[in-house]
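# Observations on the model geometry
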Amino acid sequence: MKETVNVNIGSGAFTLDKDACQLLSSYFDDIRRRLPEGDAETMADIEARVAEIFRERVASPMRVITIEVVRATMAQMGAPSDFGEPRNPGAESDAPQTESGQAQNPPRKLYRSRTERSIAGICGGLGAFFDTDPTMIRLVMLLLILFGGLSIWVYIILWFVIPEEPARKFNPFRKKF
């Protein structure tokens with residue numbers, strides 16, 4: 001006899017066995033770590049698609065969704081790595097370990113931001129690199145340019161030297177066969 005859990009996925013009520021619920025929860029958590037912070041709309045779309053697949057696979061709403069159904073749904077949706085790289089690389093369990101057993105963070109890279117940009121994404125990229133607010137970096141940059149501490153040419157050179165942030169590989173409607 002297995003325990004069952006009632007859950008709400010994509011505005012639909014489902015009954016899952018406990019193992020399937022844990023697997024689906026870890027799958028959603030892994031995807032959530034890979035999406036931009038605060039991107040609730042994409043996560044809601046993913047949950048809605050999972051709910052749609054569950055409705056297709058389970059004939060009656062009274063049937064329990066098993067771990068096999070969850071695995072098949074995950075295979076159809078794709079691996080979490082298909083949704084991009086994790087926001088916090090040190091949070092993954094397969095992060096490189098040092099001799100003392102602590103997770104070693106990979107070296108950070110400076111990119112021009114694709115999302116936090118006003119002109120070229122330089123200040124947004126610097127904000128992400130130094131983990132600060134890009135607006136503050138924009139204000140400092142503007143003051144330096146206006147009061148002669150930094151030339152506009154330096155900004156233009158940074159525009160060409162700093163590479164743009166890699167695009168995410170994400171397509172929620174992709175079907176695997």
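Residues numbered from 1 in each chain as written. Predicted model: local features only at pLDDT ≥ 70, side-chain atom pairs only at ≥ 80, totals over all residues. Heavy atoms only, no water.

### Quick look at the overall build of the protein
Per the secondary structure count, the protein includes six helices and two strands. Seen in sequence order, the protein has helices and strands lined up from the N terminus as β-β-α-α-α-α-α-α. Residue pairs at least 24 apart in sequence account for 56% of intrachain contacts in the protein once pairs closer than 6 positions are excluded. Accessible area for the protein stands at about 12,000 Å²; split by element, carbon and sulfur atoms hold 57% of it. (Helix = DSSP H or I, 4+ residues; strand = E, 2+ residues; numbered from the N terminus. Contact = heavy atoms within 4.5 Å. Areas by Shrake-Rupley, 256 points an atom, 1.4 Å probe, with all protein chains shown as cover.)

### Side note on the pattern of salt bridges
Under the criterion given, the structure shown has six salt bridges. For R32, the salt bridge goes to D29, with nearest N and O atoms at 3.0 Å. One end of the pair, R32, and the other, D29, are both in helix α1 (residues 18–34), three residues apart, so they sit about a helical turn from each other. The exposure class of D29 is partly exposed, given its relative accessible area of 35%. The residue R34 makes a salt bridge to D30 at a minimum N-O spacing of 3.2 Å. Here D30 and R34 lie together in helix α1, a separation of four residues that amounts to about one turn. Sharing partners across several salt bridges, the network here consists of D29, R32 and E47. (Salt bridge = Lys/Arg side-chain N within 4 Å of Asp/Glu carboxyl O. Buried < 20%, exposed > 50% of the residue type's maximum accessible area, 1.4 Å probe, protein only.)

### Brief notes about the packing of aromatic side chains
In the structure shown here, the tally under the stated rule is four aromatic pairs. Here F14 and F54 contribute two aromatic rings whose centre-to-centre distance is 5.6 Å and whose plane-to-plane angle is 75°, an arrangement assigned as edge-to-face. Placement of F14 in strand β2 (residues 12–17) and of F54 in helix α2 (residues 40–57) is noted, with a sequence separation of 40 residues between them. Exposure remark for F54: the relative accessible area of 1% places this residue in the buried category. Where Y27 meets F28, the ring centres are 6.2 Å apart and the plane angle is 40°; that geometry is what we call tilted. (Phe/Tyr/Trp six-rings, centres within 6.5 Å; stacked < 30°, edge-to-face > 60°.)

### A look at the nonpolar core
The nonpolar side chains of soluble globular proteins are, as a tendency, buried together. Counting residues in hydrophobic clusters, the biggest one holds 24 residues, and the most contacted among them are I9, L16, L24 and F54. Those elements that place two or more of their residues in this core are β2, α1, α2 and α3 (67–77). Among residues more than four places away in sequence, those in contact with L16 are E3, T4, V5, V7, I9, C21, L24, V64, I65 and V70. One finds L126, I137, L150 and Y155 within the second-largest nonpolar core, a separate group that totals nine residues. (Core = buried A, V, L, I, M, F, W, Y, C linked by side-chain atoms within 4.5 Å.)

### A few points about the side chain of T15
As for its position among the elements, T15 is in strand β2. A distance of 2.9 Å separates a polar atom in the side chain of T15 from a polar atom in the side chain of N6. Once you skip the residues sitting within four places of it in the chain, T15 turns out to touch T4, V5, N6, R63, V64 and I65. (Polar contact = N/O pair within 3.5 Å; in protein donor to acceptor, adjacent residues only side chain to side chain.)

### Observations concerning the pairing of β2
A regular strand places its side chains on the two faces of the sheet in alternate fashion. Counting buried residues along β2, five of its six residues qualify, which places the element largely inside the surrounding structure. In this sheet, β2 lies alongside strand β1 (residues 4–9) in antiparallel orientation, the contact comprising six bridges. In the strand pairing of β2, N8 is matched with A13. In textbook terms, the turn of a hairpin is the stretch between consecutive antiparallel strands, and for β1 and β2 this stretch comprises two residues, one of which, G10, has a positive phi near 55°. (Pairing = 2+ DSSP bridges.)

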